[in-house]
Amino acid sequence: MNLNPSLNFISPEMVLTLFAMLALFGSVSSRLKHSIGLLSFMGVAASAVFLPLSFRCGQFSFYGMLINDPFSVFFRSILIVASAFTILLSMGYSEREEENGGEFYFFILALTVSMMLAVSSSNLLMIYLAVEAVSLISYILAGYHKKNPFSSEAGVKYFLFGAFSTGVMLYGISLIYGLFGTLDLGVIFRGLTTASYVDPAAVLVAALLILVGIGFKSAVVPFHMWAPDVYQGAPTPVTALFSVGPKAVGFALLLRVFTFGFHSAFTHWGTLAGFLAILTMTVGNVLALRQSNIKRILAFSSIAHAGYLLAGVAVGTVAGAQAVMYYLFIYTLMNLAAFGAVIAIGNALHSETVEDYAGLYRQAPFTAVILTVALLSLAGIPPLAGFIAKFLLLSAAVESDLVTLAVAISLNSVIALYYYVRIVKYMFLHEPAKSTTMPTTTSLSLALVVLTIAIFILGVWPQPVLGWLSGLLRLS
Amino acid sequence: MFPVLSSLIFLPLLGALAILFLPREREDLSRPCALITTGTVLAVSAALIFGFDRTAPGMQFAERSLWIPQLNVWYFLGVDGISIGLVFLTALLGFLACLASNEIRDRLKEYYVLYLLLMAGMLGTFLALDLVLFYVFWEVVLIPMYFLIGIWGGPRKEYAAIKFFLYTLAGSVVMLVGILIAYFTTKPHTFNMLELAAAASNGAFDPQLQMWLFLAFYLAFAIKIPVFPFHTWLPDAHVEAPTPISVLLAGVLLKMGGYGIFRICLPIFPQGSASFATAFAVLGVINIVYGAGVAMAQSDFKKMIAYSSVSHMGFVMLGFASMNSIGFNGALLEMFNHGIITGAMFLLVGVLYKRAHTREMDKFGGLSAQTPLYAFFLTICSLASLGLPGLSGFVGEFLSLMGAYQGFPVITALSLFGLIVTAGYFLFMIQRVLLGPLNPDCRYYKDVSPLETLTLAPLVIIFVVVGFWPALVLDLQKPTLGMLLSLLGVTS
């Protein structure tokens with residue numbers, strides 16, 4: 001077999017790997033040390049150039065290990081975008097330990113590569129390997145602040161929970177192998193509908209075990225316990241990436257493995273996912289109400305958003321999948337904007353407590369407005385992008401007569417509004433306790449401006465992304 | 001053709017953008033900018049009334065283009081007899097309240113940017129004919145309102161602002177689900193309100209579904225109107241908001257709820273609405289009597305006016321309950337009148353507060369001798385508000401009562417009791433504020449300034465003229481309401 005098409009397919013990943021190596025070696029040289037962020041950004045940009053080439057490849061690469069389908073196209077693009085913005089955010093993050101700059105960017109790029117492989121896997125073994133690679137790098141990044149006890153705690157906690165849940169997932173995969181004699185998803189799904197000798201109960205158990213692993217990655221209740229501590233302890237740019245990247249991986253796998261795979265095998269999968277969705281969004285939103293650390297608030301908010309996304313998965317239709325994908329894209333933009341603003345504010349205040357944001361509007365109107373836009377968009381208030389995303393989800397749910405799910409999403413947005421607006425309240429309605437100056441970094445400001453403009457434009461003109469997405473899904 | 005309706009929405013947005021780019025040192029220019037913008041909007045809306053065909057029941061000046069093809073959402077605007085009065089009311093109060101905003105001294109730039117965004121949202125709500133577009137404008141109103149109450153409001157502004165935001169959002173998210181259910185029930189799927197109404201008259205929604213959908217929309221509108229027991233946000237928001245914002249809250253935002261019932265609930269869910277007519281009547285009388293009773297008990301001037309709004313909105317509900325031409329005309333006219341009269345009342349409260357820095361009615365007394373012009377305005381506005389024949393408030397309330405009497409004589413009779421209490425608390429207020437010996441604290445109060453007269457006089461002129469010649473407004477709305485009634489199966 002000619003390997004060339006396969007290599008073409010992973011050309012973006014290869015470019016990223018190359019730049020990751022350069023970042024690692026560049027940190028040895030004292031002259032290059034300060035431009036590694038820029039180098040990494042260029043790496044992501046270069047790999048984005050190779051994406052169209054990759055999309056033109058055949059359906060399968062590496063003997064059916066990787067697949068080129070709408071999910072892989074869409075999610076790899078999202079991950080590239082997320083990675084690019086994370087690097088810009090990191091360049092403006094003052095608390096990064098400078099002496100290890102190269103390592104930091106190396107891990108960010110390596111994480112991107114493994115996430116991109118995970119979303120294009122079509123073989124359970126490949127899925128497991130990629131997810132495990134994502135996890136291992138995440139543990140290191142979470143504990144990156146070696147001198148900060150919260151960061152170390154985050155690393156250890158993430159590791160313990162992660163090791164357990166990927167272990168459970170591996171067990172599920174081994175059961176599947178025992179039942180079907182293969183790990184290739186395409187063969188398994190064909191087997192589900194044709195082979196009468198496979199015990200459905202056994203498949204259900206195996207699928208649920210796999211769900212544990214994926215649910216952990218996307219912080220779905222009851223596998224969410226790690227999220228608040230890890231989000232709080234990890235360096236903020238890493239938290240930003242954690243809140244969007246692994247979530248995208250989780251939902252890409254949920255869509256591929258469950259919506260378009262096991263879904264047809266179990267009649268109650270939709271009910272189970274719907275139940276988990278409502279549980280996840282409610283737990284996330286209710287627990288966020290009483291937090292005062294902004295990173296913890298955003299952690300619970302990201303759990304709640306996992307609930308909304310899972311609702312789209314529970315719908316189980318193409319419209320549901322489209323809603324999930326669009327929502328994830330918008331969620332990536334608004335969450336990165338929110339974390340970017342948190343970084344900018346943290347650089348000046350050296351605090352993550354919401355009460356310390358009092359009167360921020362007077363000192364940093366620009367950042368305060370951006371954070372407000374991001375939060376209101378997360379709350380789903382029109383005319384911001386988050387509204388169209390939520391609208392798509394609700395519309396997918398209502399179209400499939402899942403009105404309970406739609407009502408649950410709606411009511412949860414009201415709860416969520418309270419804690420989002422609480423942050424806005426401190427910034428705009430309170431007077432500052434002390435005056436501070438806001439240092440600005442070009443890269444961070446650039447990222448924030450681009451993200452905010454995108455949130456506005458996609459709120460009133462979602463056509464470009466929606467059109468692309470529906471074009472993709474029609475092909476499948 | 002010149003897109004008149006779009007210009008009504010986009011002029012304030014342009015104004016807001018212009019103010020946004022003013023340098024911080026020239027912040028003082030934001031007020032003239034906002035005045036020019038709102039003045040132009042008022043001029044355009046006046047021109048709209050002159051160009052409006054009073055005999056046509058359907059949509060006029062319609063603009064329609066595809067907005068989001070994937071979602072089948074259209075940018076669809078239009079104006080008819082139901083909305084034209086409210087559009088003019090919004091433009092008028094928007095301009096006058098902007099004039100009255102001279103009391104705002106802090107963070108001018110932000111104030112006027114948010115103010116103009118609010119204008120765009122309110123006008124958009126009355127003009128949108130696509131349910132999703134309507135929802136977007138409906139929500140767009142919330143954000144500026146939150147900040148306007150929260151930043152420039154009174155002592156309990158934070159509580160009032162978030163309460164307003166949460167209450168309204170809770171109603172509107174349920175409406176959003178309702179919108180989607182309505183969309184997917186019709187074939188072909190549509191968000192177009194006119195097509196939905198047409199589909200409904202062809203039996204697209206079965207009665208059971210109509211009831212549920214009606215309730216989903218009604219919740220959003222009832223919170224906004226506000227109907228008992230969803231009214232509790234109103235006293236907080238009205239009292240804490242700065243004067244010009246209270247004017248818009250009472251004058252325009254409360255009308256959004258009633259407008260929604262006219263535009264969506266009645267034509268699209270006629271059977272659903274009809275089955276709740278009795279509930280409307282009961283809730284209406286509760287609003288009238290309860291609102292009046294609570295207003296009577298207030299010692300805070302502004303709170304009294306706020307509860308009087310609850311009471312007046314009860315007449316609108318009674319008008320809906322009537323399900324006949326007289327009642328509907330009364331309800332719509334009452335909405336317009338209440339905007340004009342209560343807008344003026346809030347301006348008057350603001351005038352007094354600017355001088356006294358208190359709103360306790362017992363802290364005043366004998367002002368009629370000290371500030372005669374103020375006394376004139378306050379008296380005539382109170383009389384209009386309590387429904388004195390010859391002023392416009394009477395016409396709307398009388399028509400509502402007359403309409404409702406045909407179906408609900410007992411309930412209508414009960415609501416007359418509310419009228420008596422209303423007369424009571426307004427006269428009691430006049431007695432405490434204007435009559436009696438001059439309170440020594442009030443010795444140095446100046447009479448209303450020319451600017452304040454400028455904001456009050458147009459409103460007084462309107463309610464006097466409409467009081468004598470109600471056909472001026474009724475003629476605008478009659479053909480459209482006639483068409484609405486024929487949709488409901490009532491021959492007028």
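Residues numbered from 1 in each chain as written. Chains lettered and ligands numbered in written order. Predicted model: local features only at pLDDT ≥ 70, side-chain atom pairs only at ≥ 80, totals over all residues. Heavy atoms only, no water.

Asker: Outline the overall build of chain B, listing residues and values.
Answerer: When you go through chain B residue by residue, the secondary structure sums to 21 helices and two strands. Radius of gyration (C-alpha) of chain B: 21 Å, near the 23 Å computed for a compact globule of 492 residues. In terms of its C-alpha atoms, chain B occupies a principal-axis envelope of roughly 70 × 60 × 40 Å. When each of the 492 residues of chain B is scored for burial, the buried share is 66%. Restricting the contact set of chain B to residue pairs at least 6 apart, pairs at least 24 apart contribute 82%. Accessible area for chain B stands at about 15900 Å²; split by element, carbon and sulfur atoms hold 70% of it. The centroid of the 25 positive side-chain charges in chain B is displaced by 4 Å from the centroid of its 25 negative side-chain charges. (Helix = DSSP H or I, 4+ residues; strand = E, 2+ residues; numbered from the N terminus. Rg over C-alpha atoms; globule rule 2.2 N^0.38 Å. Buried < 20%, exposed > 50% of the residue type's maximum accessible area, 1.4 Å probe, protein only. Contact = heavy atoms within 4.5 Å. Areas by Shrake-Rupley, 256 points an atom, 1.4 Å probe, with all protein chains shown as cover. Lys, Arg positive; Asp, Glu negative; His and termini not counted. Charge placed at Lys NZ, Arg CZ, Asp CG, Glu CD.)

Asker: I'd love a proper account of the interface of chain A and chain B, names of residues and values included.
Answerer: Contacts between chain A and chain B engage 38 residues on the former and 34 residues on the latter. Interface area, chain A with chain B, both sides summed: about 3200 Å², of which 78% is carbon and sulfur. For chain A, the biggest contributors to the area lost against chain B are Phe 391, Val 414 and Leu 429 of chain A; these three give 20% of the whole. Inspection of the chain A/chain B interface yields two salt bridges. Taken together, the links from chain A to chain B amount to six residue pairs in polar contact (both at pLDDT 80 or more). The set of elements that each furnish at least two residues to the side of chain A that touches chain B consists of α15 (360-363), α16 (365-378), α17 (385-399), α18 (403-429), α19 (442-460) and α20 (463-475) of chain A. For the side of chain A that touches chain B, the leading source of residues is α18 of chain A, giving 14 residues. Residue classes in the side of chain A that touches chain B are distributed as 25 nonpolar, nine polar and four charged. (Buried area = accessible area lost by both parts, 1.4 Å probe. Salt bridge = Lys/Arg side-chain N within 4 Å of Asp/Glu carboxyl O. Polar contact = N/O pair within 3.5 Å; in protein donor to acceptor, adjacent residues only side chain to side chain. Nonpolar A, V, L, I, M, F, W, Y, C, P; charged D, E, K, R; others polar.)

Asker: Please provide a residue-by-residue account of the nonpolar core, values included.
Answerer: In this structure, Phe 262 of chain A together with Phe 262 and Phe 301 of chain B are the most contacted members of the largest nonpolar core, which totals 397 residues. Counting only domains with at least three residues in this core, you end up with domain 1 (1-253) and domain 2 (276-492) of chain B. Apart from the residues within four sequence positions on either side, Phe 301 of chain B is in contact with Met 345, Val 349, Leu 352, Arg 359, Met 361, Tyr 374, Leu 378 and Met 429 of chain B. Phe 9, Ile 10, Cys 57 and Leu 66 of chain A belong to the second largest nonpolar core, which has five residues in total. (Core = buried A, V, L, I, M, F, W, Y, C linked by side-chain atoms within 4.5 Å. Domains from an automatic or database assignment.)

Asker: Break down unusual backbone geometry for me, with residues and values.
Answerer: Residue Pro 188 of chain B is bonded to the preceding Lys 187 of chain B through a cis peptide linkage, with omega at -5 degrees. Tracing the sequence through the fold places Pro 188 of chain B in the loop between α7 (157-185) and α8 (193-201). The linkage connecting Phe 228 of chain B with the following residue, Pro 229 of chain B, adopts the cis geometry, with an omega of 5 degrees. Turning to its location among the elements, Pro 229 of chain B is positioned in the loop between α9 (207-224) and α10 (233-240). Its identity is not glycine, yet Tyr 63 of chain A carries a phi of approximately 55 degrees, on the positive side. Structurally, the position occupied by Tyr 63 of chain A is in the loop between β1 (60-61) and β2 (66-67). Unlike most non-glycine residues, Asn 72 of chain B shows phi in positive territory, near 60 degrees.

Asker: Give a detailed account of a nonpolar patch on the surface, specifying residues and quantitative values.
Answerer: Residues and elements named next belong to chain A. A cluster of nonpolar side chains, namely Phe 366, Val 449, Ile 453, Phe 456, Ile 457, Val 460 and Trp 461, defines an oily patch on the protein surface of about 630 Å² accessible area. Top element by residues in the nonpolar patch is α19. It accounts for five residues. Positionally, Phe 456 belongs in helix α19. Note on Phe 456: relative accessible area 41%, which makes it partly exposed. (Patch = residues over 30% accessible without salt bridge, like charges linked within 9 Å, V, L, I, M, F, W, Y side chains within 5 Å.)

Asker: Can you explain the packing of aromatic side chains? Please cite residues and give values.
Answerer: Residue and element names in this part refer to chain B. Overall, the coordinates contain 47 aromatic pairs over all chains when judged by the stated rule. Their ring planes at 15 degrees and their centres at 5.0 Å tell us that Phe 214 and Phe 276 sit as a pair that is stacked. Of this pair, Phe 214 sits in helix α9 while Phe 276 sits in the loop between α12 (270-275) and α13 (277-296), and the two are 62 residues apart along the sequence. We note that Phe 214, like Phe 276, is buried. (Phe/Tyr/Trp six-rings, centres within 6.5 Å; stacked < 30°, edge-to-face > 60°.)

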